[in-house]
Amino acid sequence: MPGAVRQTAAVGAMEWIGAGSLLAWVWLLLGQGFFWRTDVRLPDRRDPERWPSVGVVVPARDEAAVLPDSLPSLLGQKYPGRAEVFLVDDGSTDGTGALARRLAAARGGLPLTVSAPGEPEPGWTGKLWAVRHGMALARERVAPEYLLLTDADIAHEPDSLRELVAAARSAELDLVSQMARLRVVTFWERLIVPAFVYFFGQLYPFRWVNRPGARTAAAAGGCVLLRREAAERAGIPEAIRHAVIDDVTLARAVQRGGGRIWLGLADRVDSVRPYPRPGALWRMVSRSAYAQLRHRPLLLLGTVLGLALVYLVPPVALVAGLAGGGPVLAALGGAAWAVMSGTYLPMLRYYGQPLWAAPLLPFTALLYLLMTVDSAVQHYRGRGAAWKGRTYPAP
């Protein structure tokens, strides 16, 4: 009898946990800015009467492998106004700067300036030090009204810059950012990359970011069009010089300075960086995951418990219920898993992936949970926020 009582109590407790998971998914489905939808694209736009000048700033550190697929797309922009490209070689050892010059000589197109600012001063991350140098060069050479901050692994369709500027002008936006479509070729890219964008949207629902007067701020660092006046008002980049998660920090600074921001998914902007092995994807996520939690152990604990409740409980409850825990537990777990999988379908469609992969999301979420924990472990070992030979302490 005591054993049966304990078993009944355990099943009852699991049912409450399963119910909590299902309620969480109902809230995420309806109350989290419809984060799971993938229809947030560039707002309606019209050509301005006068096309403003643009300085395109590309920070690059050891990017020779991807430059042939990305830099020509920038040089080949069909932009009606004045635009110049400034590639800042951030201490590369693979000939990035020389390769950029050769590509420009062979390709032609927009003018290209390649420069090297040297090692960053104390308190600066390497990328933002390079951005600072590129912005200064752009001000000297172009006096731009807008700055396009784009990573060295991002390829743009020929009308990408034109569309970004038209959207910014039409909607009177100070920052327009597009989440570049990441590469999904290998098994691990297919498993992890769509979920990366899905989780980002869950954390920063695009519709919330784009509301006038919104409190949620975010950007995607691979493609950011920034009005120069708004950057100067917000003290960019000096005000965010220490930021490891520079895109979100940039958006917050612009928003605090009174600027209007916009974030959405891209149709004509793609990342060409390959992640052929799981280790590369693991490092991409873990290098900044604990920084996202502001290096706070309690936030880490809450994140781990939250991920477990939302993503891991549904399949566990379904299996446990079918194995003898009872139909109620199985129904709760199955319903939560079904809602979860349904919210993942639009992102799989956006990335052209098979829809049968949606039920695998709990496994992918478990990987992200482990990456987040590893990020904290590496931080306390003194190797947090390590990227391309540099390690940045918590600010």
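Residues numbered from 1 in each chain as written. Predicted model: local features only at pLDDT ≥ 70, side-chain atom pairs only at ≥ 80, totals over all residues. Heavy atoms only, no water.

**Q** Help me understand unusual backbone geometry, please; the structure alone is not making it clear to me.
**A** Across residues other than glycine, the phi torsion is negative in most instances, and most of the peptide bonds are trans. Residue Pro237 is reached from Ile236 by a cis peptide bond, and omega for that bond is 5°. Positionally, Pro237 belongs in the loop between helix 8 (228–234) and helix 9 (246–256). Although it is not a glycine, Phe34 sits at a positive phi angle of roughly 50°. Residue position: Phe34 is located in the loop between helix 1 (2–31) and strand 1 (54–60). Phi at Ala143 takes a positive value of approximately 50°, unusual for a residue other than glycine. Relative to the elements of secondary structure, Ala143 occurs in the loop between helix 4 (126–141) and strand 4 (146–150). Here Ala143 falls in the partly exposed class, since its relative accessible area comes to 44%. (Helix = DSSP H or I, 4+ residues; strand = E, 2+ residues; numbered from the N terminus. Buried < 20%, exposed > 50% of the residue type's maximum accessible area, 1.4 Å probe, protein only.)

**Q** What is the right way to look at the pattern of salt bridges in this model?
**A** A side chain of one charge can pair with a side chain of the opposite charge when the charged atoms of the two come close. On inspection of all chains with the given rule, the structure shows 21 salt bridges. Residues Asp151 and Lys127 are paired through a salt bridge, measuring 3.0 Å at the closest nitrogen-oxygen approach. With Asp151 in the loop between strand 4 and strand 5 (154–156) and Lys127 in helix 4, this pair connects stretches of sequence that are 24 residues apart. A salt bridge links Arg169 to Glu145, with the shortest nitrogen-to-oxygen separation between them at 3.1 Å. Highlighted residues: Arg169 in helix 5 (residues 160–171) and Glu145 in the loop between helix 4 and strand 4, separated in sequence by 24 residues. The partly exposed category is assigned to Glu145, whose relative accessible area is 27%. Put simply, Arg41, Arg181, Asp267 and Asp270 are held in one network by salt bridges that share partners. (Salt bridge = Lys/Arg side-chain N within 4 Å of Asp/Glu carboxyl O.)

**Q** Please explain the sheet that holds strand 8 (residues 261–271) as it appears in this structure.
**A** Strand pairing in a sheet takes place through backbone hydrogen bonds and is either antiparallel or parallel in direction. Strand order in the open sheet formed by 8 strands is 3-2-1-4-7-6-8-5, and the pairing between neighbours is mixed. Whereas interior strands pair on both sides, the edge strands pair on one side only; in this sheet they are strand 3 (112–115) and strand 5. The mean angle between the axes of side-by-side strands here comes to 30°, regardless of whether they run parallel or antiparallel. (Pairing = 2+ DSSP bridges. Axes fitted to C-alpha atoms, helices over the stretch in contact; angles between N-to-C directions.)

**Q** What's the story with empty space enclosed by the protein in this structure? I'm lost.
**A** It is the rolling of a water-molecule-sized probe over the atoms that shows where space remains empty. Taken as a whole and judged by the stated rule, the model has 3 cavities of 30 Å³ or more. Approximately 110 Å³ is the volume attributed to the largest cavity. What lines the largest cavity is a set of 14 residues, among which Lys127, Val131, Leu149, Asp246 and Leu250 lie closest to the centre. Counting only elements with at least two residues in the lining of the largest cavity, the list comes to helix 4, strand 4 and helix 9. Across the lining of the largest cavity, the residue classes tally to 8 nonpolar, 2 polar and 4 charged. (1 Å grid on protein atoms, 1.4 Å probe; cavity = no way out; pocket = protein on both sides within 12 Å on 5 of 7 lines; lining within 4 Å. Points joined across faces, edges and corners; volume = space filled by probe spheres on them. Nonpolar A, V, L, I, M, F, W, Y, C, P; charged D, E, K, R; others polar.)

Keep in mind these numbers describe shape, not what the thing actually does.
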